[in-house]
Amino acid sequence: MMLLDNEKLHWTENLEIWLITLLPALFSAYGGTAVALFCLLGINIIIKNFALKRWSFFGWHQDKNYKYDKFPLVFIFMIAYWTVYLVSLIWTENLSYGVREISSQTWMLLFPLIFAITDFREIGKHHIRSSLLWMVSFLTVTFIFRFVEFVYQYSCSQSDSFIWYMLSRSIEFYPTHHSYMSLYILTGLGFLYSEFQQIKKAHSPTLLAIMLSACACCLCMFLLCINSRAGLLCLLVLLLMCWIHIVFFKRNYKLGIISFIVGALLVAGIHFALPAHFRNLSSTVIELVSGNSDDCRLEIMKNACLVIKENPVLGVGAGDRMDVLSPFYENSVYGITYNPHNQYLDTMMTIGIPGIILLLMMIFIPLLKAFKERKFGFFTFFVIFAVSILFESML
């Protein structure tokens, strides 16, 4: 897909590169702006196709001389997933809510179609790397800015409150939901680990190692401050995957021993310095395994399972996913009706067996492909996403 360095790019191709580079960073904080840029990307692609005669459609290309990759299978699953949501309006009762739900899922149709109608031959691996670097830099600078702002406010307030509590409250009110924010942060940490693997090729390895370590520390602190239990669990999964990669794939046993000791000290540090975080994290794991909990998250998952038992094949449809849960919360202390907070249960409850099959294929086929091709960055992202949606309905 990489263009020759001496080939001049059309202005639409340059704009496309800049938009794709900036989008991940903006999605992590300014969703509305990112959506507007995504629409601009779609318009730019149409102009590019007219100007350069680069139209394509699911494998057919107007440019016969271009050797292209096959249309990714995951995109076909995404389109099929959205289509099942659309078809579910046939057996749902609340059509108005169903239409709103399908509208919010439209990105699962538009995103694959963008890749279906054009090629991205001008986008190389270095552009994807730049995009992730922008995202990591943006998250790091954001955390530093919030931290400096907190230090100033704390020094002026002369409050006796616990410093960590105040810091967490200061950063917790972020414009992005903490579950989505933890997904961005963990993706950034996975990318930083991949960068560490290439550190010997850098002009200044020591300086680069210091910068990457500083960014990793900021992102870990950011993750602790947003109080996401799912994010902390995913962080442990990420650390475990990195350790397995070092020991069993890279066969660097010395680094494996050092990283194990550092990881153990990190967990011990969280336990003693932040006992509430450690208690919440350990209790979440115990409650999920035992099935006994006073936490509303486990209760709403159980309610979703009861709905699934009554509608196991096709689900209740996109329009009734919240209505069928309402009776469970009429006498509840929580006062509102929650969605299942588990994408697997949410999908099974809404569009039944066809939906859960497509969801699993959408996640695990690319995951297995990334593992087979030793693409640790992609593999890490899909594992983190698969674990994250155990605790949040993200699609």
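Residues numbered from 1 in each chain as written. Predicted model: local features only at pLDDT ≥ 70, side-chain atom pairs only at ≥ 80, totals over all residues. Heavy atoms only, no water.

(A) The overall build of the protein chain, seen in detail. In terms of regular secondary structure, the protein chain is built from 15 helices and 2 strands. Across the 395 residues of the protein chain, 44% fall into the buried class. Here the contacts in the protein chain between residues at least 6 apart in sequence split such that 74% fall between residues at least 24 apart. Of the accessible surface of the protein chain, which amounts to about 21700 Å², a share of 69% is contributed by carbon and sulfur atoms. (Helix = DSSP H or I, 4+ residues; strand = E, 2+ residues; numbered from the N terminus. Buried < 20%, exposed > 50% of the residue type's maximum accessible area, 1.4 Å probe, protein only. Contact = heavy atoms within 4.5 Å. Areas by Shrake-Rupley, 256 points an atom, 1.4 Å probe, with all protein chains shown as cover.)

(B) A nonpolar patch on the surface, seen in detail. A cluster of nonpolar side chains, Val87, Ile90, Trp91, Val313, Leu314, Ile353 and Ile357, forms an exposed patch at the surface whose accessible area comes to about 620 Å². As for its position among the elements, Val313 is in the loop between α13 (296-310) and α14 (343-372). (Patch = residues over 30% accessible without salt bridge, like charges linked within 9 Å, V, L, I, M, F, W, Y side chains within 5 Å. Salt bridge = Lys/Arg side-chain N within 4 Å of Asp/Glu carboxyl O.)

(C) Examining the packing of aromatic side chains more closely. Under the definition given, this model contains 12 aromatic pairs. Their ring planes at 80° and their centres at 6.2 Å tell us that Trp243 and Phe248 sit as a pair that is edge-to-face. Taking relative accessible area as the criterion, Trp243 reaches 27% and is therefore assigned partly exposed. Ring geometry for Phe381 and Phe382: centres 5.5 Å apart, planes at 75°, overall edge-to-face. An aromatic cluster is built from Phe38, Phe75 and Phe111, whose rings are joined through pairwise contacts. Stacked on the ring of Phe371, the Lys or Arg Arg374 has its end atom at 5.4 Å from the ring centre. (Phe/Tyr/Trp six-rings, centres within 6.5 Å; stacked < 30°, edge-to-face > 60°. Lys NZ or Arg CZ within 6 Å of the ring centre and 35° of its normal.)

(D) Representation of the packing of helix α8 (residues 178-197) against helix α10 (residues 229-249) in the model. Across the interface, α8 lies against α10 with an axial gap of 10 Å and an inter-helix angle of 15°. Taken as axis vectors, α8 and α10 run roughly parallel relative to one another. Like other packed secondary-structure pairs, α8 and α10 cross with a definite hand, here right-handed. Residues Ser182, Leu186, Leu189, Gly190, Tyr193 and Gln197 of α8 form the contact with α10, whose participating residues are Gly231, Cys234, Leu235, Leu238, Cys242, His245 and Ile246. Residues belonging to the contact of α8 with α10 are distributed by class as follows: 8 nonpolar, 5 polar and no charged. (Axes fitted to C-alpha atoms, helices over the stretch in contact; angles between N-to-C directions. Parallel < 35°, antiparallel > 145°, perpendicular 65-115°, else oblique. Left-handed = near helix turned anticlockwise from the far one by under 90°. Nonpolar A, V, L, I, M, F, W, Y, C, P; charged D, E, K, R; others polar.)

(E) The arrangement of unusual backbone geometry in detail. Even without being glycine, Arg251 reaches a positive phi, approximately 55°. The residue Arg251 is located in the loop between α10 and α11 (253-273) in this model. The exposure class assigned to Arg251 is exposed, which follows from its relative accessible area of 55%.

(F) α10, seen in detail. Taking 1.5 Å per residue as the helical rise, α10 with its 21 residues ought to reach 30 Å, and the 29 Å between its terminal C-alpha atoms agrees with that figure. Directly after α10, the chain includes Arg251, whose backbone phi takes a positive value near 55°. (Expected span 1.5 Å × (residues − 1).)

(G) Up close: the environment of Gly317. With respect to the helices and strands, the residue Gly317 is situated in the loop between α13 and α14. Linking Gly317 and Leu89, residues 228 residues apart in sequence, is a C-alpha distance of 6.1 Å. Beyond its immediate sequence surroundings of up to four residues, Gly317 is in contact with Ser88, Trp91, Thr92 and Thr350.

(H) Focus on the packing of α8 against helix α15 (residues 376-388). Running from N to C, α8 and α15 cross one another at 155°; their axes reach a closest spacing of 9 Å. With respect to α15, the element α8 is oriented roughly antiparallel. In this structure, the crossing between α8 and α15 has a hand that is right-handed. When α8 is examined against α15, the residues Leu183, Leu186, Thr187, Gly190, Tyr193 and Ser194 are found in contact with a partner set consisting of Phe376, Gly377, Thr380, Phe381, Ile384, Phe385 and Ser388. In the contact of α8 with α15, the residues fall into 7 nonpolar, 6 polar and no charged.

(I) Examining the state of the cysteines more closely. Going through the model one piece at a time under the given rule, you end up with 0 disulfides. Here Cys217 stays unpaired: no disulfide links it, and the sulfur of Cys220, its closest cysteine neighbor, is 6.6 Å away. (Disulfide = S-S within 2.5 Å.)

(J) How the structure looks around the pattern of salt bridges. Per the stated rule, a full pass over the model turns up 5 salt bridges. For Lys375, the salt bridge is made with Glu373, and the minimal N-O distance between the two is 3.2 Å. Here Glu373 falls in the partly exposed class, since its relative accessible area comes to 39%.

(K) Inspection of the nonpolar core at higher detail. Ranked by internal contacts, the top residues of the largest apolar core, which has 73 residues, are Tyr81, Leu139, Ile185, Leu186, Leu189 and Met362. Take this core: its biggest share by element is 12 residues, from α14. Residues within four places of Met362 in sequence aside, it is in contact with Val74, Phe77, Met78, Tyr81, Met108, Phe382 and Leu395. (Core = buried A, V, L, I, M, F, W, Y, C linked by side-chain atoms within 4.5 Å.)

(L) Looking closely at the side chain of Ser131. By secondary structure assignment, the location of Ser131 is in helix α6 (residues 125-157). For Ser131, the side chain forms a polar contact with the main-chain oxygen of Ile20, separated by 3.1 Å. Those residues within four positions of Ser131 in sequence are excluded, and the remaining contacts are Ile20, Thr21 and Pro24. (Polar contact = N/O pair within 3.5 Å; in protein donor to acceptor, adjacent residues only side chain to side chain.)

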